[in-house]
Amino acid sequence: MLAVHAQDSAVIRVARVLCIFFMMSVHVFPGPSRDSFLTEGHGAIIGVVWLDFLGRASVAALSLVSGFLLVGALCKYSPAQILKDRARVLLAPMVTWNLIMLIALLGAAAIGASFSRELPPLTPSALVNALTGLFGPSINLSLFFLRDLFVSTAIIVLTWRYIRDYLWVALGVVFVVTIFKLTDPIIFRPTILLFMLAGCTLRAQHIPLSSLAKPPVFFFGILGSGTVLLACHYLLETHGGPVSDIQNIARRGMLVFAVIAVAVLIGHSKRLQAFFDHLEPVAFLAYLSHALLAKLIWIAMAPLGLSLMGPSYLFYFFMAPMLMFALVFPLHALINALRMPLPIFLQGKSAKKPKKNRSEPMLGFRLR
């Protein structure tokens, strides 16, 4: 059994909260695909850093953590049990919250209200895709990540016995597959599989996550990723295709080193670590519900005179994720008070208290 060191366990809890916080920021109203002060206004530079870098690249860090933890599950459980647990934790709440979004959109359409999202065609195939993301983005785009995370997990689990002794080779193969975008329509964002497999490799090679924050490793990791990023930036003027995908991977690689380093630094403060440990149990529920909560928060704040295209939008943008975490605590308590199996469908787990040993959750999102 490849035990997780106590420091890595603390790093994982902090990284999970940080990543979900930034991922939620990407999808606050009106979302990254519509005009706002951060996408088309004078605050576009903030949008580039916060949305395009910190927000989207957080997916890579969370994927790395998920892969790191997956190896522990592979040592303890059968492939069938792991996939059953993953379906319960990832797919069941994903479908549920997509359904809630669909119902909200139907309700908004019925009363003539705007919801910044369009209803899918009311056909069987379109509705199946809207709820599951089977053929493409689900109706709640922010939850589409969970679909690819499950599929990536399944691929690793089902091939583990064949690749576990050749993980560096497997990483090279997945890297090539990623930069040439050869995974559609099985995995729509192949960097999720790439970073998950990287996390598996670290754990299988007995390399602690916290080692990524050690000065020499961190320095060369940031320097190497940054060099590739800059080289690709200049090459993109004459080359396209795989070069842009290599740049994308380098950008995400930089953030992985940064997130782990920040998590290690936070762990040096008992108060900060305790604060993140307090948020971590509800982080996944915050992620599941944040698209709807963000819209409700906008409705509540709009009468204060906020403007999508004005600097006042920044007040909403930075406050919304913090308010979402605050709101999710009573929501968490309410869900835990419901009868089974409703808590499973709404948050991927029952109302039972987690075990005292918190060092080995089975995925980047806590299972038990």
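Residues numbered from 1 in each chain as written. Predicted model: local features only at pLDDT ≥ 70, side-chain atom pairs only at ≥ 80, totals over all residues. Heavy atoms only, no water.

**Quick word on the overall build of the protein**
- Of the regular secondary structure elements, the protein holds twelve helices and zero strands.
- N-terminal to C-terminal, the α/β element order of the protein is α-α-α-α-α-α-α-α-α-α-α-α.
- In terms of overall dimensions, the protein is globule-like: its C-alpha atoms have a radius of gyration of 20 Å, near the 21 Å expected for 368 residues.
- Looking at the protein alone, contacts between residues at least 24 apart form 78% of all its contacts between residues at least 6 apart.
- Taken as a whole, the protein presents about 17,100 Å² of accessible surface, with 70% of it coming from carbon and sulfur. (Helix = DSSP H or I, 4+ residues; strand = E, 2+ residues; numbered from the N terminus. Rg over C-alpha atoms; globule rule 2.2 N^0.38 Å. Contact = heavy atoms within 4.5 Å. Areas by Shrake-Rupley, 256 points an atom, 1.4 Å probe, with all protein chains shown as cover.)

**Quick notes on the pattern of salt bridges**
- Tallied over the entire structure, the rule returns five salt bridges.
- One salt bridge connects Arg 13 with Asp 277, and the closest N-O pair in it is separated by 2.7 Å. Of this pair, Arg 13 sits in helix α1 (residues 6-26) while Asp 277 sits in helix α10 (residues 270-301), placing them 264 residues apart in sequence. Of the two residues, Arg 13 and Asp 277, both sit in the buried class. (Salt bridge = Lys/Arg side-chain N within 4 Å of Asp/Glu carboxyl O. Buried < 20%, exposed > 50% of the residue type's maximum accessible area, 1.4 Å probe, protein only.)

**Details of helix α11 (residues 313-336)**
- For α11, with 24 residues, the first-to-last C-alpha span of 34 Å sits near the 34 Å given by 1.5 Å per residue.
- Along α11, the sharpest change in direction is near 35 degrees and occurs at Ala 320; proline Pro 321 comes one to four residues later.
- Considering only its buried residues, α11 is in contact with α1, α2 (44-76), α10 and α12 (342-347). (Expected span 1.5 Å × (residues − 1). Bend = angle between axes of the 7 residues up to and from the residue.)

**Things to note about the state of the cysteines**
- Summed over all chains, the structure comprises zero disulfides.
- Take Cys 75: it sits in no disulfide, and the sulfur closest to it among the cysteines is that of Cys 200, at 10 Å.
- Judged by its relative accessible area of 43%, Cys 75 falls in the partly exposed class. (Disulfide = S-S within 2.5 Å.)

**Section: the packing of aromatic side chains**
- In total, this model carries 14 aromatic pairs according to the counting rule given.
- For the pair Trp 50 and Phe 318, a centre-to-centre distance of 5.1 Å together with 80 degrees between the ring planes defines the contact as edge-to-face. Pair noted here: Trp 50 is in helix α2 and Phe 318 is in helix α11, with a separation of 268 residues, a long-range link.
- Judged by relative accessible area, which is 31%, Phe 318 ranks as partly exposed.
- Consider the rings of Trp 298 and Tyr 316, whose centres lie 5.0 Å apart with planes at 80 degrees: the pair is edge-to-face. Here Trp 298, found in helix α10, pairs with Tyr 316, found in helix α11; they are 18 residues apart in sequence, far enough to count as distant.
- Owing to a relative accessible area of 10%, Trp 298 belongs among the buried residues under this scheme.
- Through successive ring pairs, a cluster of aromatic residues spans Phe 21, Phe 22, Phe 29, Trp 50, Trp 298, Tyr 313, Tyr 316, Phe 317 and Phe 318. (Phe/Tyr/Trp six-rings, centres within 6.5 Å; stacked < 30°, edge-to-face > 60°.)

**Digging into the packing of α2 against helix α5 (residues 144-163)**
- Following both chains from N to C, one finds α2 and α5 inclined at 35 degrees, their axes separated by 11 Å at the closest point. Remark: the crossing between α2 and α5 carries right-handed chirality. Residue-level contacts link Val 59, Leu 62, Ser 63, Ser 66, Leu 70, Val 71 and Leu 74 of α2 to Phe 145, Leu 149, Thr 153, Ile 156, Val 157 and Trp 160 of α5.
- Looking at the contact of α2 with α5 residue by residue, the classes come out as ten nonpolar, three polar and no charged. (Axes fitted to C-alpha atoms, helices over the stretch in contact; angles between N-to-C directions. Left-handed = near helix turned anticlockwise from the far one by under 90°. Nonpolar A, V, L, I, M, F, W, Y, C, P; charged D, E, K, R; others polar.)

**Looking at helix α4 (residues 124-132)**
- The complete set of buried residues in α4 reads Ala 126, Asn 129, Ala 130 and Leu 131.
- Buried residues in α4 make contact with α3 (79-111).
- Gly 133 lies just past α4 and shows a positive phi near 70 degrees.

**Remarks on the side chain of Thr 96**
- Its location among the elements puts Thr 96 in helix α3.
- Those residues in contact with Thr 96 that lie beyond four places of it in its chain are Phe 345 and Leu 346.

**Brief notes about the packing of helix α6 (residues 167-179) against helix α9 (residues 242-267)**
- At a minimum axis distance of 8 Å, the contact between α6 and α9 shows a crossing angle of 120 degrees. Taken together, the axis directions place α6 and α9 in an arrangement best described as oblique. Contact with α6, carried on its side by Phe 175, Thr 178 and Ile 179, involves Pro 242, Asp 245, Ile 246 and Ile 249 of α9 and no other residues of that element.
- Per-class residue counts for the contact of α6 with α9 are five nonpolar, one polar and one charged. (Parallel < 35°, antiparallel > 145°, perpendicular 65-115°, else oblique.)

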